[in-house]
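Listed below are the residues making up each chain.
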Amino acid sequence: MLKSVSTTSKQADLPFYAPVGSECEIFEHAYRNRLPVLLKGPTGCGKTRFVAYMAARLGRPLYTVSCHDDLTAADLTGRYLLKGGDTVWVDGPLTRAVREGAICYLDEIVEARKDVTVVLHPVTDDRRALPLERTGELLQAPPEFMLVASYNPGYQNVLKTLKPSTRQRFLAMEFGFPTLNTEASIVAHESGLPHERCLPLVRVAQALRGLKGQDIEEGASTRLVVYCAMLIRDGVDYDTALRVALIEPLSDDSEIVDGLKRVAQIALG
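Rules behind the numbers
- Residues numbered from 1 in each chain as written.
- Predicted model: local features only at pLDDT ≥ 70, side-chain atom pairs only at ≥ 80, totals over all residues.
- Heavy atoms only, no water.
- Salt bridge = Lys/Arg side-chain N within 4 Å of Asp/Glu carboxyl O.
- Helix = DSSP H or I, 4+ residues; strand = E, 2+ residues; numbered from the N terminus.
- Axes fitted to C-alpha atoms, helices over the stretch in contact; angles between N-to-C directions.
- Parallel < 35°, antiparallel > 145°, perpendicular 65-115°, else oblique.
- Left-handed = near helix turned anticlockwise from the far one by under 90°.
- Contact = heavy atoms within 4.5 Å.
- Nonpolar A, V, L, I, M, F, W, Y, C, P; charged D, E, K, R; others polar.
- Pairing = 2+ DSSP bridges.
- Buried < 20%, exposed > 50% of the residue type's maximum accessible area, 1.4 Å probe, protein only.
- Arc of directions from axis to C-beta.
- Polar contact = N/O pair within 3.5 Å; in protein donor to acceptor, adjacent residues only side chain to side chain.
- Disulfide = S-S within 2.5 Å.

A. Inspection of the pattern of salt bridges at higher detail. If you walk through the whole model with that rule in mind, you get eleven salt bridges. Between Glu-174 and Lys-40 there is a salt bridge; the shortest N-O distance is 3.8 Å. Taken together, the residues Glu-174 in strand β10 (residues 171-174) and Lys-40 in strand β2 (residues 37-40) connect sequence positions 134 residues apart. One salt bridge in this structure joins Asp-75 and Arg-79, with 3.2 Å as the shortest N-O distance. If you follow the salt bridges from partner to partner, you end up with Asp-91, Arg-99 and Glu-137 in one network.

B. Seen up close, the packing of helix α7 (residues 180-191) against helix α9 (residues 222-233). Axis separation between α7 and α9 bottoms out at 9 Å; the angle between their running directions is 50 degrees. The angle between α7 and α9 places the two elements in the oblique class. In the crossing of α7 with α9, the sense of the turn from one axis to the other is right-handed. Residues Glu-183, Ile-186, Val-187, Glu-190 and Ser-191 of α7 pack against Thr-222, Val-225, Val-226, Ala-229, Met-230 and Arg-233 of α9. Looking at the contact of α7 with α9 residue by residue, the classes come out as six nonpolar, two polar and three charged.

C. Broad picture of the pairing of strand β5 (residues 86-91). Relative to β5, strand β4 (residues 78-83) runs antiparallel, the two sharing six bridges. From the neighbouring strand, Gly-78 faces β5, where its bridge partner is Asp-91.

D. Spatial organisation of helix α10 (residues 238-247). Burial in α10 covers these residues: Ala-241, Leu-242, Ala-245, Leu-246 and Ile-247. Buried residues of α10 fall within an arc of 150 degrees about the axis and therefore sit on the same side. On its buried face, α10 is in contact with α8 (195-209), α9 and α11 (254-268). Measuring from the side-chain oxygen of the N-cap residue of α10 to the backbone nitrogen of Asp-239 gives 3.3 Å; that N-cap residue is Asp-237.

E. Seen up close, the packing of α8 against α9. Orientation of α8 relative to α9, taken along the N-to-C sense of each, is 145 degrees, at an axis distance of 10 Å. Handedness of the crossing formed by α8 with α9: right-handed. Contacts between α8 and α9 involve Arg-197, Cys-198, Leu-201, Val-202, Ala-205 and Arg-209 from the first element and Thr-222, Val-225, Cys-228, Ala-229 and Ile-232 from the second. For the contact of α8 with α9, a count of residues per class yields eight nonpolar, one polar and two charged.

F. Spatial organisation of the state of the cysteines. Enumeration over the complete set of coordinates arrives at zero disulfides. Here Cys-67 is not disulfide-linked; the sulfur of Cys-104 is the nearest cysteine sulfur, at 8.6 Å. Classification of Cys-67 by relative accessible area gives buried; the value is 10%.

G. Region of interest: the environment of Arg-243. Examined against the element boundaries, Arg-243 turns out to sit in helix α10. For the pair Arg-243 and Val-257, spaced 14 residues apart in sequence, the C-alpha to C-alpha distance is 8.8 Å. Non-local contacts of Arg-243, meaning those with residues more than four positions away in its chain, are made with Glu-248, Pro-249 and Lys-261.

Rendered as C-alpha cells:
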C-alpha cells in the first residue's frame, strides 16, 4: 500500500543534517531554477534526511513516496473512489504536490515500474505540467513545485536502472558516507552517545563498508551505527551491540557473519 507523508516545518524546526559538501547550495539553485534533482548513493547515507532538511529549509511541504514493484501511475496521480455512495476523485501525492507547490520525493525510484516513470516526464521538462487523463485536467506546476528522486546505484541489477530518457531530465548529485569525525558527530547527535565513544563504531562501519560487493551486498549504514550507539547508550555491551546492530543485519550466512565479527574486532584494535 502506498504511503505518503506531508510535512511543513519552520526554520527553527529543521531536521538535523550535517552537510558534507555543497549539496545544500546546489539543491537551492535547482529549486530556484525549477530543476528536478536525482540523488544517488548507498542505503542509509542520508539522502532521505537531506530532502526533509531541505524541504524545511525552503519552507515547502514534502510528500514522500516509497517506490516499489506494485506502484502504479494512479498511485502517484490519483483515482476515483467510492465515498458515501458517490464517486469522487482523490489526488495522489504527486498531484497534491503539484497543486500545492510542494516538494515530491520519490524514494528508490528504480523500484517503480518503467511505465510509472513516464508519468514524470511532463513535469520534469520545460512543460512542468501534469496531465490527468481521468479528469481531463492539465495541471501547471507552480514555481514552488519540485520533484526529487533517489536510488542506490550499487544495489540495482541491469533490469532495474533508469531509462536514459528519464535520467537525463534530472540534475544528479552523488551521495556517500561522511568522514570519520563528521559521521561520529552525526551518530552522537542522533543517539546521545558521546562523540568519542561513537568514533570506534564508525571505524567498524567503515571497515565493513570496504567488504561491499565481496562478502556482503551492502555495507553498514549510518542508520545502523546510530542503532548501535543507542544500545550502548542504554547499557548494552559493545560486543552485543555491534553484533545485533552492525553485523547480523548485513548477512544471514554464519561463515560471513563470523568473518564480519573478525573485521570488527580488528577495526576496534
